[in-house]
Amino acid sequence: MTRLAAQDTTSRDIPQGAMRMASGLTLARTEGLELQDAPINPDWILDGAPRARALTLAQGDDRNANMAVWDCTAGRFHWYFGCDEAVYILEGSVTVTGPDGETRRLEAGDTAYFPAYSWFTWEVEDYVRKVAFCHDVVPSLARLPVRILTRLSLIAERLYTAAFGFSSRPPR
């Protein structure tokens, strides 16, 4: 992979230090990014004064999935996962305690998955930095109409291409 040079000028909502290619692929280096304050709900803080920051690196076209970098200073707090979230710890460590009381320590190089609609207690001794991959859960009642619409869209696209000899979708 080549080093990131300049931000692609056709990108939308892509932070400095990241690049979105015409194919939709987004590339980013996690070091040197300017994260924005992302305060933890004060009612969730159990101990200390943790300061969290985050930066969204990429977001799916349907806005149901995103990738972000997040960091936090020392403190202990509850965290609610409103979406499915997979994390990769880049720096530091955190001890997480699940709703069943089970505790795990996550360190640089570790991955973890947190299911949507769950609470975990996070204890950051010093500092933690992670990449998070989040996916909003589509309620089961909405899945069938979404699948039907997707299938109809694919059929319509094939018919359009057969009739006119080219795709109706613009290139990215």
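Owing to the predicted nature of the structure, the values given are computational and were not obtained by experimental measurement.

This part takes up the overall build of the protein chain. When its secondary structure is counted, the protein chain shows 1 helix and 10 strands. Going through the 172 residues of the protein chain one by one, you find that 31% of them count as buried.

Turning to a nonpolar patch on the surface, a few remarks are in order. Together, Leu144, Ile148, Leu152, Ile155 and Leu159 line one region of the surface with nonpolar side chains, adding up to about 480 Å² of accessible area. Inspection of the secondary structure assignment puts Leu152 in helix α1 (residues 140-164).

Even without a glycine there, the phi angle at Tyr117 is positive, about 65 degrees. Within the secondary structure layout, Tyr117 lies in the loop between β9 (111-114) and β10 (118-135).

Another aspect to go through is the environment of Trp122. Mapping Trp122 onto the fold places it in strand β10. Each C-alpha atom, one on Trp122 and one on Gly75, is 8.0 Å from the other, the two residues being 47 residues apart in sequence. Among residues more than four places away in sequence, those in contact with Trp122 are Trp70, Gly75, Arg76, Phe77, Trp79, Phe81, Val94, Thr95, Val96, Phe114 and Lys130.

Calculation criteria
- Residue indices follow the written sequence of each chain, beginning from 1 at its first position.
- The model is predicted, so local features are restricted to residues of pLDDT at least 70 and side-chain atom pairs to those at 80 or more, both for listing and for counting; the totals for chains, interfaces and linings are taken over all residues.
- To get the side-chain values, all heavy atoms of the structure are used, and hydrogens and water are removed first.
- Only DSSP runs of H or I with at least four residues qualify as helices, and only runs of E with at least two residues qualify as strands; both kinds are numbered from the N terminus onward.
- When accessible area is computed with a 1.4 Å probe and restricted to protein chains, residues below 20% of their type maximum are described as buried, those above 50% as exposed, and intermediate ones as partly exposed.
- Candidates for patches are residues over 30% relative accessible area with no salt bridge; among them, like charges are joined within 9 Å and nonpolar side chains (Val, Leu, Ile, Met, Phe, Trp, Tyr) within 5 Å.
- Note on areas: Shrake-Rupley, 1.4 Å probe, and residue coverage restricted to the protein chains presented here.
- Salt bridges are identified by distance alone: a Lys or Arg side-chain nitrogen within 4 Å of an Asp or Glu carboxyl oxygen.
- Contacts are residue-level and defined by heavy atoms, with any inter-residue pair within 4.5 Å sufficient.

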